[in-house]
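A closer look at the structure
Here are the chains, one letter per residue:
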Amino acid sequence: MSSSIHQTHNQDSEYSIDELARVAGTTVRNVRAYQDRGILPPPERRGRNGIYNHTHLARLRIIGQLLSRGYSIANIGELIVAWEQGQDLSQLLGLESALTSPWSDETPQYYDALELLTLFGASVTQDEIIKAAELGIIEFIEEGSRVKVPSPRLLDAGLKLVSLGLPLHELLNIVGGLRGNVERVANMFVDVIARLIDTYGKENIPPSSATTRLADLIWQMRPLADIAIDAEVARAMEKAIAKYFGERLDAIMEHLKNKDGNV
């Protein structure tokens, strides 16, 4: 494929069939099978190449979610038909993309297990490895010989903090605590989106007239959610640091006061 195929997961992303399958976490065989069954739109043809985009990725993610919930390909086909009836296909795929596109543009990285362990140094323990896997920071694949890192940025930040002296088990505890709080906030945002969509009834597909509006609304909420979370984290860190240094200053002043009083 040419270098014009983008690797980030945004509305301008383009993929070969191999890239699409990898990003969607499926196989090329499945992609072709879904096209044959009519539940995945065909790619754009450019010469001999088939070009897929974010709308195909969105549809694949919906198919994957439904399969994981126990629905059959036939069931999914029936849903897609119902979903497409009375809908403009471009509007429909736009809503699918808004609902399923990742909120991060990160591309997972893969390591040999020993290579990743070497990055953290000889002091890493089995409990820390297990904890990192439980948090989804690392995922063992290929019978444990390979490791998938969904967020290379998080791994890089962790490596830098460990190199500065922060114990890995403490860092993992911080990530675990952060995870619970962030997930509560994420659920609140999703509840807001759900209430907007559920005005048509949970069992009903939004009408064509509302599809584009809902997609635009969700896309606009994405950066606003990121801004709100970043701002609140910054505020909380400033508050925590001010409290820490304030308490240290009080302790120092009290010590000096007692020292002077004992002279």
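Structural data are supplied above this passage.
Predicted, not measured: the structure shown is a model, and the values here were computed from it. (Residues numbered from 1 in each chain as written. Predicted model: local features only at pLDDT ≥ 70, side-chain atom pairs only at ≥ 80, totals over all residues. Heavy atoms only, no water.)

1. Side note on the sheet that holds strand β1 (residues 14-15)
- The sheet built from three strands is open, its strands ordered β1-β3-β2 with antiparallel pairing. Whereas interior strands pair on both sides, the edge strands pair on one side only; in this sheet they are β1 and β2 (44-46).
- The sheet contact formed by β1 and strand β3 (residues 49-53) spans two bridges and is antiparallel. In the strand pairing of β3, glutamate 14 is matched with asparagine 53. (Pairing = 2+ DSSP bridges. Helix = DSSP H or I, 4+ residues; strand = E, 2+ residues; numbered from the N terminus.)

2. Comments concerning helix α1 (residues 17-24)
- Taken as a whole, α1 has its buried residues at Ile17, Glu19, Leu20, Ala21 and Val23.
- Buried residues along α1 sit against β1, α2 (28-36), β3 and α3 (54-68).
- Two residues or fewer past α1, glycine 25 is found with a positive phi of approximately 75°. (Buried < 20%, exposed > 50% of the residue type's maximum accessible area, 1.4 Å probe, protein only. Contact = heavy atoms within 4.5 Å.)

3. Digging into the sheet that holds strand β5 (residues 139-141)
- Read from one edge to the other, the open sheet built from three strands follows the order β4-β6-β5, with strand pairing classed as antiparallel. Each end of this open sheet is capped by a strand with a single partner; those strands are β4 (109-112) and β5. Neighbour-to-neighbour, the strand axes of the sheet open up by a mean angle of 30°, direction not taken into account.
- One ladder, built from three bridges, connects β5 with strand β6 (residues 146-149); its direction is antiparallel. Bridging across to β6, phenylalanine 140 finds its partner in valine 147. (Axes fitted to C-alpha atoms, helices over the stretch in contact; angles between N-to-C directions.)

4. Topic: the side chain of glutamate 128
- If you trace the backbone, glutamate 128 turns up in helix α7 (residues 126-134).
- Once you skip the residues sitting within four places of it in the chain, glutamate 128 turns out to touch Ser123, Leu168, His169 and Leu172.

5. So, the environment of proline 223
- Examined against the element boundaries, proline 223 turns out to sit in helix α10 (residues 208-262).
- With relative accessibility at 41%, the residue proline 223 sits in the partly exposed group.
- As a C-alpha pair, proline 223 and tryptophan 103 span 120 residues in sequence and 9.0 Å in three-dimensional space.

6. A look at the nonpolar core
- In this structure, Leu20 and Val31 are the most contacted members of the largest nonpolar core, which totals 18 residues.
- Put simply, the parts of the chain that give this core at least two residues each are α1, α2, α3 and α4 (73-84).
- Non-local contacts of valine 31, meaning those with residues more than four positions away in its chain, are made with Ile17, Leu20, Ala21, Thr26, Leu40, Tyr52 and Leu60.
- In this structure, Ala113, Leu116, Ile137 and Ile138 belong to the second largest nonpolar core, which totals 15 residues. (Core = buried A, V, L, I, M, F, W, Y, C linked by side-chain atoms within 4.5 Å.)

7. Notes on a nonpolar patch on the surface
- Together, Val233, Met237, Ile241, Tyr244 and Phe245 make up an exposed nonpolar region whose accessible area comes to about 500 Å².
- With respect to the helices and strands, tyrosine 244 occurs in helix α10.
- In this structure tyrosine 244 comes out as partly exposed when scored by relative accessible area, which is 42%. (Patch = residues over 30% accessible without salt bridge, like charges linked within 9 Å, V, L, I, M, F, W, Y side chains within 5 Å. Areas by Shrake-Rupley, 256 points an atom, 1.4 Å probe, with all protein chains shown as cover. Salt bridge = Lys/Arg side-chain N within 4 Å of Asp/Glu carboxyl O.)

8. Some thoughts on the environment of valine 124
- Along the chain, valine 124 turns up in the loop between α6 (113-120) and α7.
- Leave out the neighbours within four places in its chain, and valine 124 touches Leu117, Ile129 and Leu168.

9. Section: the packing of α1 against α2
- In the contact formed by α1 and α2, the axes pass within 8 Å of each other and the chain directions differ by 100°. Classified by the angle between their axes, α1 and α2 sit roughly perpendicular to one another. For the pair α1 and α2, contact is made by Ile17, Asp18, Leu20 and Ala21 and by Val28, Val31 and Arg32, respectively.
- Taken together, the residues that form the contact of α1 with α2 break down as five nonpolar, no polar and two charged. (Parallel < 35°, antiparallel > 145°, perpendicular 65-115°, else oblique. Nonpolar A, V, L, I, M, F, W, Y, C, P; charged D, E, K, R; others polar.)

10. Notes on the packing of α1 against α3
- One can describe the packing of α1 onto α3 by two numbers: an axis separation of 10 Å at closest approach and a directional angle of 45°. Classified by the angle between their axes, α1 and α3 sit oblique to one another. As α1 runs across α3, the sense of the crossing is right-handed. For the pair formed by α1 and α3, the contact residues are Leu20, Val23 and Ala24 on the first element and His56, Leu57, Leu60 and Arg61 on the second.
- Broken down by class, the residue content of the contact of α1 with α3 amounts to five nonpolar, one polar and one charged. (Left-handed = near helix turned anticlockwise from the far one by under 90°.)

11. Looking at the pattern of salt bridges
- Evaluated as defined, the whole model comprises six salt bridges.
- For glutamate 44, the salt bridge is made with arginine 46, and the minimal N-O distance between the two is 3.2 Å.
- By relative accessible area, glutamate 44 is classed as partly exposed at 43%.
- Arginine 46 gets classed as partly exposed once you look at its relative accessible area, which sits at 34%.
- When the shortest N-O distance is used, the salt bridge between lysine 160 and aspartate 156 registers 3.3 Å.

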